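Single-letter residue listing:
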There are 2 protein chains.
Amino acid sequence: MVLRVGVVGGGQLARMMIAPAVELGVDLRVLAEEEAMAASLAASAVGDYRDADTVLAFARDVDVVTFDHEHVPQDVLAALVQAGIAVHPGPGALRFAQDKLVMRARLAELGMPQPDWAAVSTTVELQEFLDEHGGRAVVKTPRGGYDGKGVRVVSAASEADDWFAALAEDARGGALLVEELVDFSRELAQQVARRPSGEVAVYPVVETVQRDGVCAEVLAPAPHAGDRLREVAAGIGVAIAEGLEVTGMLAVELFETTDERLLVNELAMRPHNSGHWSQDGSVTSQFEQHLRAVLDLPLGDPAPRAPWSVMINILGGPARGGLDERFAAAMAEHPDAKVHTYGKTPRPGRKVGHVTVSGEDLDDVAYRARAAASSFLD
Amino acid sequence: MVLRVGVVGGGQLARMMIAPAVELGVDLRVLAEEEAMAASLAASAVGDYRDADTVLAFARDVDVVTFDHEHVPQDVLAALVQAGIAVHPGPGALRFAQDKLVMRARLAELGMPQPDWAAVSTTVELQEFLDEHGGRAVVKTPRGGYDGKGVRVVSAASEADDWFAALAEDARGGALLVEELVDFSRELAQQVARRPSGEVAVYPVVETVQRDGVCAEVLAPAPHAGDRLREVAAGIGVAIAEGLEVTGMLAVELFETTDERLLVNELAMRPHNSGHWSQDGSVTSQFEQHLRAVLDLPLGDPAPRAPWSVMINILGGPARGGLDERFAAAMAEHPDAKVHTYGKTPRPGRKVGHVTVSGEDLDDVAYRARAAASSFLD
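Remember, it's a predicted structure, so these values are computed and weren't measured experimentally. All residue numbers refer to positions counted from 1 along the written sequence of the respective chain. Labels follow written order: the first chain is A, the first ligand is 1, and so on. Restriction of local features to residues with pLDDT of at least 70 applies here, the model being predicted, together with a cutoff of 80 or more for giving and counting side-chain atom pairs; totals for whole chains, interfaces and linings are based on all residues. To get the side-chain values, all heavy atoms of the structure are used, and hydrogens and water are removed first.

Trainee: I'd like a description of the overall build of chain A, backed by residues and values.
Mentor: The numbering of helices and of strands both runs from the N terminus, where a helix is a DSSP run of H or I of at least 4 residues and a strand a run of E of at least 2. Of regular secondary structure, chain A possesses twelve helices and 17 strands. Only C-alpha atoms enter the radius of gyration; for comparison, a globular chain is expected to reach 2.2 Å times N to the power 0.38, where N is the number of residues. In terms of overall dimensions, chain A is globule-like: its C-alpha atoms have a radius of gyration of 21 Å, near the 21 Å expected for 378 residues. The classification of residues rests on relative accessible area computed with a 1.4 Å probe and restricted to protein chains. Under 20% of the type maximum is buried, over 50% is exposed, and intermediate values are partly exposed. Here chain A holds 378 residues, and 60% of them are scored as buried. In this description, contact between two residues means that some pair of their heavy atoms is separated by no more than 4.5 Å. For chain A, the share of sequence-separated contacts (at least 6 apart) that also reach a separation of at least 24 residues comes to 62%. Carbon and sulfur atoms form 49% of the exposed surface of chain A, whose accessible area is close to 14,500 Å². For the area figures, the Shrake-Rupley method with a 1.4 Å probe applies, and any residue is considered shielded solely by the protein chains shown.

Given below as structure tokens:
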């Protein structure tokens, strides 16, 4: 019997599940938003993931439904569960990835370290939070943000007026999330895989470098990370995976503060940009691990294959020439670089691929990875 | 512009090109012999590779045609070339993989070390060769043999009577190949990739262990191989790739004799079972390398990722239970083993997948790989 996994969403995360699915012998099917998406090779249906009938029809012939993104509405997820379809991660877990206020409240219940935060419904409440936190804070829309969208650093409550106005027009009502501006020395990410039957696999904590709110580089494992840091990060990852009953891959984005604490920034319940290094740098890539986890198969070894791996995103693509010409240039100069492309038309700031390099010396590995990625952009 | 590779043949070698094609952003299209072949995910056409019109129609929309096997007839290859289609490896090279007598003659011209051999058209000629070589020899049909088929050890010329009779009925006429029975201590395989523009990449020589004429295990790199052995093997691989103008992956099967010479046994002009270890054990897998080579893109680094990798074929599949149940058992006990499946229905002796393990200690790596593979068979 062949195992069948249905992925809702046809972006690069679904695309990168294709390779391990072929090798594992998993029949991967994708519900893509439109034709010619990144994961089109495995697309068995095209349709709107917000429409319950569309998703139910897609899900009928698979053993488990999983996701390329966290945006499938709760009523659609509920319809799947009611129809007896296995859904991983499940609606209960996805709720925390879909609403940052719900997530913050649940992490507080679990005693997870996080920035000071509050739910604010009015400019008065926001101004109070600002006054208590040195006059600056981060305001977030609880739903729909990613890659820096829906996130704003403000020093006056009036800077969120448009979002408050939008809230007033939203039938669901609600509030904005405001968080203290954390004084962090760097950002880290902790990935954990969890099966429905409970087994977890813990990846090494990595350092992520953001530019303009978008992940630019990942250093795996995180440099200068002692045993204590690694254990605390792993403990947070496992506690959240278990506390929120996440199934599949979980990524916990963390701040490392200047006084050496770890605070939870964001969660992602799917393969995540911070884990792309694992495609070439780990015994079990996050994409293979996600498939194993959602199918409730035994998890693979998350250990690194090399002392260091560095992943660099290709953002925007070539200023001139096609991606494939740039590809040949990168290949010629960097035969040890692994280039991964998403089948997307380049446009400014868009993630169109990434490069990984692994090796013994971090400085050398990082230099080579950056050089290979730069071949696409000059 | 997306690069398009057309693969003639829908077996596991085409299947294992899918993963690197997705990551490289290559549009892989497969002409499969029938529905539900190993590479069905990428199958864009189903038809007979011996029919020129079928292959021409398939080839019209790709940038280069390559192969899952070496059996496409020369007249079909000639029609492709005449139509202006890039074909790698080309007809001139494939001739040597299609006819072992032509191969032996050409290797002799190139001065390559090989077993004593002769073309024999009659039992009298065969008996003469036997008398000159201690009364035993290996007889091979020049065309169509693989995995031990078309190969017979004989001690009397009459044991090849049926093959001589078949020759007499073949309009192409011809002869059988007879080779001395080499006194070898082990079998090795040397892989080389070569681009049309000339660049070559040389993989480390590996040891292959055959059972009943079929590859059972590969140890990469070959244990107890000194500099001289590695250099001689690499030199033979490069000389054959260049001398025969092979494009794409070339595998040279070698005998290491008890008096420490290397003799060329067989050639394969495609990814080869002896290189499956490279999927997990090398910076650039043979399947990615084949795509790069036939597209005339710069070649990747063929260096191993770990000191040792061991590949074990899964032959025949489970005696009881499905492949997927066995898979879960293997995964549970061996989280570090990489299992690759071919989407084939198990039957006795059939290659249905393979397992690789990499690590620091050869004995440990081999033990773990054999244990993981045995989970499929007990």
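Now that the structure has been shown, we can carry on.
Trainee: Can you tell me about the pairing of strand β14 (residues 262-268) of chain B, naming the residues and giving the values?
Mentor: Residue and element names in this part refer to chain B. Along β14, seven of the seven residues are buried, which leaves the element largely enclosed by surrounding structure. Strand pairing requires that DSSP identify at least two bridges connecting the strands. Two strands pair when backbone bridges link them, and strand β13 (residues 248-257) and β14 are joined in this way by six bridges, in the antiparallel orientation. The residue bridging V252 from the neighbouring strand is L267, located in β14. Adjacent in sequence and paired antiparallel, β13 and β14 are bridged by four residues, among which E260 carries a positive phi angle near 65°.

Trainee: Explain the sheet that holds strand β2 (residues 27-32) of chain A to me, using residue names and the numbers behind them.
Mentor: Residues and elements named next belong to chain A. The strand order across the open sheet built from four strands is β3-β2-β1-β4, with neighbouring strands paired in parallel fashion. If you trace the sheet from one side to the other, it starts and ends with β3 (43-46) and β4 (64-67), each paired once. Ignoring which end each strand starts from, the neighbouring axes of this sheet average 25° apart. One ladder, built from five bridges, connects strand β1 (residues 4-8) with β2; its direction is parallel. Among the inter-strand pairings, V7 is bridged to a residue of β2, identified as V30. Angular values range over 0 to 180 degrees, each being the angle between N-to-C directions of two axes fitted as lines to C-alpha atoms, with helices fitted over their stretch in contact.

Trainee: Outline the environment of G144(A), supporting the account with residue identities and numerical values.
Mentor: Of note, G144(A) is situated in the loop between β6 (137-140) and β7 (151-154). Linking G144(A) and A108(A), residues 36 residues apart in sequence, is a C-alpha distance of 22 Å.

Trainee: Describe the relation of the copies chain A and chain B, listing the residues and the values that go with them.
Mentor: Between chain A and chain B, the superposition needs a rotation of 180° and an axial shift of 0.0 Å, giving an RMSD of 0.0 Å. Seen this way, the second copy is the image of the first under a two-fold rotation axis. Proximity to the rotation axis, assessed at the C-alpha, singles out A19(A) in chain A; its C-alpha lies 2.1 Å from the axis. Interface overlap between copies: 100% of the residues of chain A at the interface are likewise at the interface in chain B, consistent with a symmetric, same-surface contact. When the copies are overlaid, the least-squares fit takes in C-alpha atoms only where the residue has pLDDT of at least 70 in both copies.

Trainee: So what about the nonpolar core? Which residues, and what values?
Mentor: The biggest cluster of nonpolar side chains holds 90 residues, and the ones touching the most others in it are V5(A), L28(A), V5(B) and L28(B). Buried Ala, Val, Leu, Ile, Met, Phe, Trp, Tyr and Cys residues that are joined via side-chain atoms within 4.5 Å together make up what is termed a nonpolar core. In terms of nonpolar packing, the next biggest core, distinct from the first, is built from 44 residues, V87(A), L188(A), L244(A) and V264(A) among them.

Trainee: An account of the interface of chain A and chain B is requested, with residue identities and associated values reported.
Mentor: Between chain A and chain B, the contact holds 35 residues from the first and 35 residues from the second. Buried area between chain A and chain B, summed over both chains or domains, comes out near 3,100 Å², and the portion from carbon and sulfur atoms is 55%. When two components associate, each loses some accessible surface as probed by a 1.4 Å sphere; the sum of these losses over both components is called the buried area. Its largest share of buried area at the contact with chain B, chain A owes to E23(A), R305(A) and M331(A), together 21% of the area lost on that side. Any Lys or Arg side-chain nitrogen located within 4 Å of an Asp or Glu carboxyl oxygen qualifies as a salt bridge. At the boundary of chain A with chain B, the tally comes to two salt bridges. Where K338(A) meets E288(B), a salt bridge forms, and the shortest distance between an N and an O atom there is 2.8 Å. Polar contacts here mean pairs of N or O atoms no more than 3.5 Å apart (in protein, one a potential hydrogen donor and the other a potential acceptor; neighbouring residues in sequence count only if both atoms are side-chain atoms). Here chain A and chain B share 20 residue pairs in polar contact (both at pLDDT 80 or more) between them. Listed by contribution, the elements that provide at least two residues to the side of chain A that touches chain B are α1 (12-24), α9 (278-281), α10 (286-294), α11 (323-333) and β16 (338-341) of chain A. A per-element tally of the side of chain A that touches chain B places α1(A) first, with seven residues.

Trainee: Let's hear about the UniProt feature "binding site: ATP" (unreviewed entry) in chain A: which residues, and what values?
Mentor: Residue and element names in this part refer to chain A. UniProt positions are given in the numbering used here, feature names are shortened, and annotations may be inferred rather than shown by experiment. Here the UniProt feature "binding site: ATP" (unreviewed entry) sits at K100, K140, E179, E180, L181, V182, E187, N265 and E266. By the secondary structure assignment, K100 is in helix α5 (residues 100-109). Residue K100 is classed as buried on the basis of its relative accessible area, which comes to 9%. Looking at the element boundaries, E179 is found in strand β8 (residues 176-180). Apart from the residues lying within four places of it in its own chain, the contact partners of E179 are R104, D116, W117, F129, A137, V138 and K140. A distance of 2.9 Å separates the side chain of E179 from the side chain of R104, its partner in a polar contact.

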